[in-house]
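# Residue-level structure breakdown
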Amino acid sequence: MQSPQVAQFSLKGYNDLVAPMIKKVFPILALCVFSATLGIGIVSPLLPLYVRDMGATGIGVGIIVASYFISNSVFVPIAGRLSDRKGRKYFLVTGLLAYSIISLGYIFSTEVTHLALVRLAHGVAGAATIPIAMAYLGDLSPKGEEGKWMGWAQAAFFSGFGFGPFMGGVLTEHFGMTVPFLSMSGLNLLAGLIALIFLPESTHRLTSRDSQRLSFKEMSTSGIIKGLFSFRLVQALGRGGIAAFLPIFASIIGLSISLIGILIAINILTVTLLTPLGGIIADRFNRRTLIIFSSFLFSILLVAIPHANNFGQLLAVMLAQGLSAALSMPAAAALTVEEGRKYGMGSTMSIFFLAMSIGQAVGPIISGGIADLLNVDSVFYFGAIIGLIGTVLFIWFTRQYHE
């Protein structure tokens with residue numbers, strides 16, 4: 001067992017090694033992530049309405065939104081594990097360039113089934129982008145500063161989603177549906193070229209011996225990983241329904257596409273502005289407690305959505321939800337980085353994103369069924385209940401966690 005002095009020296013040596021690298025790489029990687037998520041964000045408020053205008057039912061809307069996450073769930077563990085062995089850059093560049101090409105498929109889709117196929121292909125490309133980028137940053141995060149760097153990483157991640165919906169709404173109202181999809185394609189092409197030219201390859205790879213020793217089965221013995229998986233899975237079930245039906249709910253109470261885009265943008269921009277602060281808090285306070293508190297708050301806010309009758313009330317709920325996410329996401333990502341050092345960063349991040357993908361794949365379909373059988377309001381009550389279940393599971397699995 002290491003003495004405290006040796007452990008402290010080892011920690012300082014590790015941090016001295018990675019700190020200069022992350023400061024060099026982060027701006028490049030953040031720009032890539034921002035460009036990619038901006039393209040996705042442009043389309044996010046439009047897709048449910050686009051599908052509905054094709055004559056899809058609630059289930060149809062859910063299936064289209066979920067298709068991305070269905071294929072993503074299959075391929076994200078594969079991409080994560082291979083990136084631990086082969087390096088991050090190849091997967092990230094390939095995923096971004098594939099995103100750009102596949103984005104053009106939205107323009108030529110004339111039926112719901114066509115859109116489903118495009119979304120499935122997009123999910124495959126997505127498996128090699130954001131999870132790999134987060135693993136790259138996890139590789140370089142100094143010990144004790146995981147929350148700080150994950151907070152900044154997620155600020156870059158969410159800023160694209162924040163600006164995107166507003167841009168998508170404005171572009172659609174002035175130029176029609178085609179221009180937003182072209183914009184998504186161009187932005188992902190830009191991100192891929194930036195990564196190809198400027199991003200160095202990550203030097204953190206598992207050796208063949210490590211690859212044989214560490215497996216997903218061994219990872220499943222970690223209470224933290226099981227807790228994070230449960231938390232992300234059940235939270236994503238609720239959030240998947242929101243992504244599909246919040247624009248529809250907002251249109252029902254009379255909001256325009258631009259106002260819907262503004263609502264989503266403000267929610268995500270709140271997360272963007274506050275996640276760096278949330279990351280600092282996650283390095284100074286108990287990360288498990290932060291996740292539990294913000295998860296309960298999120299469920300309460302979901303119940304509030306059906307009671308909103310105008311733009312101002314929905315805006316207040318979106319702002320509060322942004323605060324909740326800004327507290328929980330850096331803390332959860334920091335815990336993931338801690339486990340990633342044991343099991344491989346790509347593999348561990350892939351489990352984190354796998355849970356999200358499964359939840360967002362199943363969530364819209366279940367929510368679509370609920371909306372068809374009951375009403376749109378019931379989708380948000382379902383999300384609140386399922387969110388509480390996820391919080392309880394997280395508490396149980398991580399009960400032995402000590403910082």
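Above this text is the structure in question.
Heads up: these notes are all about the structure in this document. Everything numeric here is computed off the predicted structure, so don't read it as measured data.

Ranked by internal contacts, the top residues of the largest apolar core, which has 108 residues, are Leu-29, Leu-199, Ile-291, Ile-305, Leu-314, Met-349 and Phe-353. Ranked by size, the runner-up nonpolar core spans 6 residues in total, among them Ala-66, Tyr-68, Phe-69 and Ala-125.

This part covers the packing of aromatic side chains. Counting across every chain of the model gives 8 aromatic pairs. Aromatic pair Tyr-90 and Phe-91: ring centres 5.4 Å apart, planes at 85°, arrangement edge-to-face. Geometrically, the ring pair formed by Tyr-106 and Phe-181 is stacked, given 5.0 Å between the ring centres and 5° between the ring planes. Of this pair, Tyr-106 sits in helix α5 (residues 105-108) while Phe-181 sits in helix α9 (residues 178-198), and the two are 75 residues apart along the sequence. Both residues of the pair, Tyr-106 and Phe-181, count as buried. The ring centre of Trp-396 lies 3.7 Å from the NZ or CZ of Arg-399, which sits over that ring.

Now for helix α6 (residues 112-126). For α6, with 15 residues, the first-to-last C-alpha span of 21 Å sits near the 21 Å given by 1.5 Å per residue. What α6 keeps buried is the set Leu-115, Ala-116, Val-118, Arg-119, His-122, Gly-123, Ala-125 and Gly-126.

As a further point, take empty space enclosed by the protein. Going through the model one piece at a time under the given rule, you end up with 3 cavities of 30 Å³ or more. Space inside the largest cavity adds up to approximately 1200 Å³. Every residue lining the largest cavity is counted, 49 residues in all, and those nearest its centre are Phe-69, Phe-161, Ala-243, Ile-268 and Gln-360. Looking at the lining of the largest cavity residue by residue, the classes come out as 34 nonpolar, 12 polar and 3 charged. There is about 60 Å³ of room inside the second largest cavity. Surrounding the second largest cavity, Ile-225, Leu-228, Phe-229, Thr-336, Glu-339, Thr-348, Ile-351 and Phe-352 form its lining. Secondary-structure elements contributing two or more residues to the lining of the second largest cavity are α12 (223-252), α15 (311-343) and α16 (345-373).

Rules and cut-offs
- Residues numbered from 1 in each chain as written.
- Predicted model: local features only at pLDDT ≥ 70, side-chain atom pairs only at ≥ 80, totals over all residues.
- Heavy atoms only, no water.
- Core = buried A, V, L, I, M, F, W, Y, C linked by side-chain atoms within 4.5 Å.
- Buried < 20%, exposed > 50% of the residue type's maximum accessible area, 1.4 Å probe, protein only.
- Phe/Tyr/Trp six-rings, centres within 6.5 Å; stacked < 30°, edge-to-face > 60°.
- Helix = DSSP H or I, 4+ residues; strand = E, 2+ residues; numbered from the N terminus.
- Lys NZ or Arg CZ within 6 Å of the ring centre and 35° of its normal.
- Expected span 1.5 Å × (residues − 1).
- 1 Å grid on protein atoms, 1.4 Å probe; cavity = no way out; pocket = protein on both sides within 12 Å on 5 of 7 lines; lining within 4 Å.
- Points joined across faces, edges and corners; volume = space filled by probe spheres on them.
- Nonpolar A, V, L, I, M, F, W, Y, C, P; charged D, E, K, R; others polar.

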